[in-house]
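Residue strings, one per chain:
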Amino acid sequence: MTRFFDLRPDKVVRNSFTGDFDAAPKWGLPGIKDCPGCGVTWSTWGDHYPAVDLSNLPERAEFEEPRPEPFHEFARLRELVRPLAPPGSELAPGTTFGPLVGRASGQFAPFSGLESCWMLVRRDAFDSLQAAGIRGLLGCKTELRFRQKTPPEILELQLEPRGRMHRDCLPPDLAPPCPTCGRVGLRLPEDLILGGASLPTDLDLFRLGDYGTVLIGTDRFKDAVEKGGWTGISFRELPVRS
Ligand SMILES: [Zn+2]
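All values derive from a computational prediction rather than experimental measurement.

Asks: Can you lay out unusual backbone geometry for me, pointing to particular residues and giving the numbers?
Replies: Notably, aspartate 34 is not glycine yet its phi reads approximately 50°, a positive angle. Tracing the backbone through its elements, the reader meets aspartate 34 in the loop between strand S3 (31–32) and strand S4 (48–49). Positive phi outside glycine occurs at cysteine 117, with the angle close to 70°. Its location among the elements puts cysteine 117 in the loop between strand S7 (111–112) and strand S8 (120–122).

Set out below in structure tokens:
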């Protein structure tokens, strides 16, 4: 029986490394301004596809500036990206694409970036997890500019949204999603429960499908990380209910 863990930054480890970065994804969908369905101006956080490359898209400049747009404009831009994104991606407003671009310095822990809901991994840790047969590892190049002479090789993992929360951890009066933009007015429940039937059986690492800031790994992932001595993640087991 697979066990699932919530992945958070390990603050103790973070304090013992000097690594730091200030970066943002290269491209993104705009947020929605005054949705005609629900009236809300909003944007998601956490849905990030570093492997989706917009550099050959003639309209790529329209994805460079984070901003809210009217729904029809958001929808037009979303259709431009859809063929480049993994099949079935929801592509909510604010979804980001491409490498993290920015400045970095210092010595990086094996894992970092989790506080921003990204998973940056050092090349040595990545190779070790790949050798251990961790499923669904997709390492992507970053565009972090280091000042030091021998910069570490830092990859970012693409974590795709999979699985849902169990209805037992949701408020009983939760309104259905907005029929226009798909927004669900939901805070992350304090006692998160995963819906057993919704969880992927072919991946050891993913984001929660209905709450993209929650990063999840299986016991196989946890074992491989601990066996390799790769630090930077704190694991908390999540209950699963059928
Ligand atoms: Zn809406």
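Moving on from the model shown.
Asks: Which residues make up the coordination of the zinc ion, and what are the values?
Replies: Every protein donor of the zinc ion is accounted for by Cys35 (SG), Cys38 (SG), Cys178 (SG) and Cys181 (SG), and the metal-donor separations fall at 2.2 to 2.4 Å. Coordination at the zinc ion comes from four donor atoms whose angles at the metal span 106 to 112°, giving a geometry best classed as tetrahedral. Here the donor residues for the zinc ion map to a single chain with the spacing C-x2-C-x139-C-x2-C. Here cysteine 35 is found in the loop between S3 and S4, whereas its partner cysteine 181 is found in the loop between strand S12 (161–162) and strand S13 (194–195), with 146 residues between them in sequence. Judged by its relative accessible area of 3%, cysteine 35 is buried. Residue cysteine 181 is classed as buried on the basis of its relative accessible area of 8%.

Asks: Provide a residue-level description of the sheet that holds strand S15 (residues 211–218), including the pertinent values.
Replies: Sheet architecture is open: five strands sit in the order S12-S14-S15-S1-S16, paired in mixed fashion. On the outer flanks of this sheet lie S12 and strand S16 (233–238), each paired with one strand and no other. Note: strand S14 (residues 205–208) against S15, four bridges, orientation antiparallel. From the neighbouring strand, phenylalanine 206 faces S15, where its bridge partner is isoleucine 216. Along the sheet, helix H4 (residues 219–228) contacts strand S1 (4–9), S14, S15 and S16; its crossing angle with S15, the most-contacted strand, is approximately 70°.

Asks: Describe in detail the side chain of threonine 142, supporting the description with residues and values.
Replies: One can find threonine 142 in the loop between strand S9 (139–141) and strand S10 (143–146). Of the residues examined, threonine 142 reaches a relative accessible area of 18% and is grouped as buried. At 2.9 Å, the side chain of threonine 142 and the backbone oxygen of isoleucine 154 are in polar contact. Setting aside chain neighbours within four positions, we find threonine 142 in contact with Pro99, Leu100, Leu120, Ile154, Leu155 and Glu156.

Asks: So what's going on with the state of the cysteines? Residues and values would help.
Replies: Here the structure, examined in full by the defined rule, presents zero disulfides. Free cysteine cysteine 140: the closest other cysteine sulfur is in cysteine 117, separated by 17 Å.

Asks: Mind laying out the nonpolar core, listing which residues take part and the relevant values?
Replies: Among the nonpolar cores identified, the biggest contains 22 residues, and Leu7, Phe111, Met119 and Phe221 are the most heavily contacted of them. Looking at this core, the elements with two or more residues in it are S1, helix H3 (123–131), strand S11 (154–157), H4 and S16. Val52, Leu57, Ala92 and Cys178 belong to the second largest nonpolar core, which has 21 residues in total.

How each quantity is defined
- Residues numbered from 1 in each chain as written.
- Predicted model: local features only at pLDDT ≥ 70, side-chain atom pairs only at ≥ 80, totals over all residues.
- Heavy atoms only, no water.
- Helix = DSSP H or I, 4+ residues; strand = E, 2+ residues; numbered from the N terminus.
- Donors = N, O, S within 2.8 Å, 3.2 Å for Na, K, Ca; no water.
- Tetrahedral: all angles 85-135°; square planar, octahedral: opposite > 155°, others 65-115°.
- Buried < 20%, exposed > 50% of the residue type's maximum accessible area, 1.4 Å probe, protein only.
- Pairing = 2+ DSSP bridges.
- Contact = heavy atoms within 4.5 Å.
- Axes fitted to C-alpha atoms, helices over the stretch in contact; angles between N-to-C directions.
- Polar contact = N/O pair within 3.5 Å; in protein donor to acceptor, adjacent residues only side chain to side chain.
- Disulfide = S-S within 2.5 Å.
- Core = buried A, V, L, I, M, F, W, Y, C linked by side-chain atoms within 4.5 Å.

It is worth stressing that arrangement in space is one thing and function is another; only the former is reported here.
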